[in-house]
Amino acid sequence: MSLTVAVQMDSIRSIRIAGDTTFALLLEAQRRGHRLLHYTPDRLSMRDGIVSARVEDLSVRDVEGDHATLGAPARMNLAEADVVLMRQDPPFDIAYITATHLLERIAPSTLVVNDPVSVRNAPEKIFVTQFPQLMPPTLITRDKQEIEAFRREYGEIVMKPLHGHGGAAVVRILPKDPNFGSLFDLFSVTFREPWVVQQFLPRITEGDKRILLVDGEALGAVNRVPAENDLRSNMVRGGAANATELTEREREICATIGPELKAQGLLLVGIDVIDGNLTEINVTSPTGIRAIRKLGGPDIAVPVWDAIEARCPRG
C-alpha cells in the first residue's frame, strides 16, 4: 500500500536530523514506499473552500548535510493527499490555530496527524489539567495576588508562559525571592496570556522523563537531565539524554491518559513526567523518537506508521 503523504513542517533544510522526530517519520515512510511531499505552513492556502499548498516532492537520506532532495514546487489540493502530517514546531499561536482550522476542512477523507481539531482544543499546558490527580499543584493565572498566595502555600515555585515551548522563559522562584516583583513585571509585559505556576519539584535534577505514546500506548522513553546550573532539561537547552525504563507510577499515568488520547485522534503524543508527576502533554510536534532509538530503545516511527496505515481512509 503506497500512500501520498504531505508533511507540513518547518523547512527541511533547517532541521538537525540527528535528533529530529519528523525526519525519523520521513525515513520510515520512505522505507515503506510512500510518496513524500514537503511544504511549510506559509504555503498553506484556502480558496473557495479548497485547501491547498505549494508542495515539493521529497526524498530523504540519513546523511548529515545532504539529507533531503526537493522537487519543483507545484500547487496541490490537500484533499487529494492520503495523509497530512502536521509537524511544524510551536509556538502555538494564532497562525498555528489557523492552520488547524484549514486542515480540518480536508478531514475525514484525508487523515491529518495529529487530528487538527484535537490539537486546537488541547493546548499542551491546559490539556494536561484534565488530569489534576496526576500533576503537581498547578495554578494558571496572571493575577499577582493568586501567585503570591500559591507561593505562601508551596514555597518554591516554577513560572512559565502558558504557550511557551522548548523550555523558554521557565524560571524558579524561591520562597523569599527578591527578584519576584521584577520577574512578574517582565512576564506581564512579555506575555499577554496567563502563566503556568507550579510547585517546584526538586528531583528535576534527576531528570524530566519524556514518554512517547502511539495511539494511547506508551512505547518508549528518554530521561532528560538538566545541564549544570540550569533548571531546564530540554535537549535544545543542553539537557543530556539517558536511557530509562518506565516506573509503575509512570505506567499508571499512561494507562490513565491513553484512552483519552486515542479517542481524540492524538496518534503521536509526548508526555513529560518529573518524579512521578505529569507536567505536560505535548500534541503539536512531539519529539524523542531518534533519541530513544539512539539509546537502544525501539524505533517508534515503525508503530506510528503502522497506526497511520491502519487508520488511513484510503489505505
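Since we're looking at a predicted model, the values are computed, not measured. (Residues numbered from 1 in each chain as written. Predicted model: local features only at pLDDT ≥ 70, side-chain atom pairs only at ≥ 80, totals over all residues. Heavy atoms only, no water.)

K.L.:
Lay out the environment of Gly-19 with the relevant residues and their values.
P.N.:
Counting through the fold element by element, Gly-19 comes out in the loop between β1 (4-8) and α1 (21-31). Residue class for Gly-19 comes out partly exposed when judged on its relative accessible area of 47%. Along the sequence, Gly-19 and Ile-292 sit 273 residues apart, while their C-alpha atoms lie 9.6 Å from each other. (Helix = DSSP H or I, 4+ residues; strand = E, 2+ residues; numbered from the N terminus. Buried < 20%, exposed > 50% of the residue type's maximum accessible area, 1.4 Å probe, protein only.)

K.L.:
Account for the pattern of salt bridges, naming residues and giving values.
P.N.:
Evaluation of the coordinates by the stated rule reveals 21 salt bridges. For Asp-66, the salt bridge goes to Arg-61, with nearest N and O atoms at 3.2 Å. The partly exposed category is assigned to Asp-66, whose relative accessible area is 42%. Where Asp-208 meets Arg-224, a salt bridge forms, and the shortest distance between an N and an O atom there is 3.4 Å. Within this pair, whereas Asp-208 is found in strand β13 (residues 208-214), its partner Arg-224 is found in strand β14 (residues 217-225), the two being separated by 16 residues in sequence. (Salt bridge = Lys/Arg side-chain N within 4 Å of Asp/Glu carboxyl O.)

K.L.:
Now, about the sheet that holds strand β9 (residues 138-141): what can you tell me, with residues and values included?
P.N.:
Reading across from one edge, β9-β12-β10-β11 is the order of the 4 strands in this open sheet, with antiparallel pairing throughout. In the strand order of this sheet, the two ends are held by β9 and β11 (171-173), each with one partner. Each neighbouring strand pair of the sheet contributes to a mean axis angle of 25°, computed without reference to strand direction. Across 3 bridges, the pairing between strand β10 (residues 157-161) and β11 is antiparallel. Note that in β11 the partner of Val-158 across the bridge is Arg-172. Across the face of the sheet, helix α6 (residues 180-190) comes into contact with β10, β11 and β12 (195-199) while running at roughly 20° to β10. (Pairing = 2+ DSSP bridges. Axes fitted to C-alpha atoms, helices over the stretch in contact; angles between N-to-C directions. Contact = heavy atoms within 4.5 Å.)

K.L.:
Please give an account of the side chain of His-38 that cites residues and values.
P.N.:
Along the chain, His-38 turns up in strand β2 (residues 35-39). Of the residues examined, His-38 reaches a relative accessible area of 2% and is grouped as buried. Looking at His-38, its side chain comes within polar contact range of the main-chain nitrogen of Ile-12, at 3.2 Å. Excluding residues that lie within four positions of it along the chain, His-38 makes contacts with Val-7, Met-9, Asp-10, Ser-11, Ile-12, Arg-43, Arg-54, Val-55, Glu-56, Leu-58 and Leu-70. (Polar contact = N/O pair within 3.5 Å; in protein donor to acceptor, adjacent residues only side chain to side chain.)

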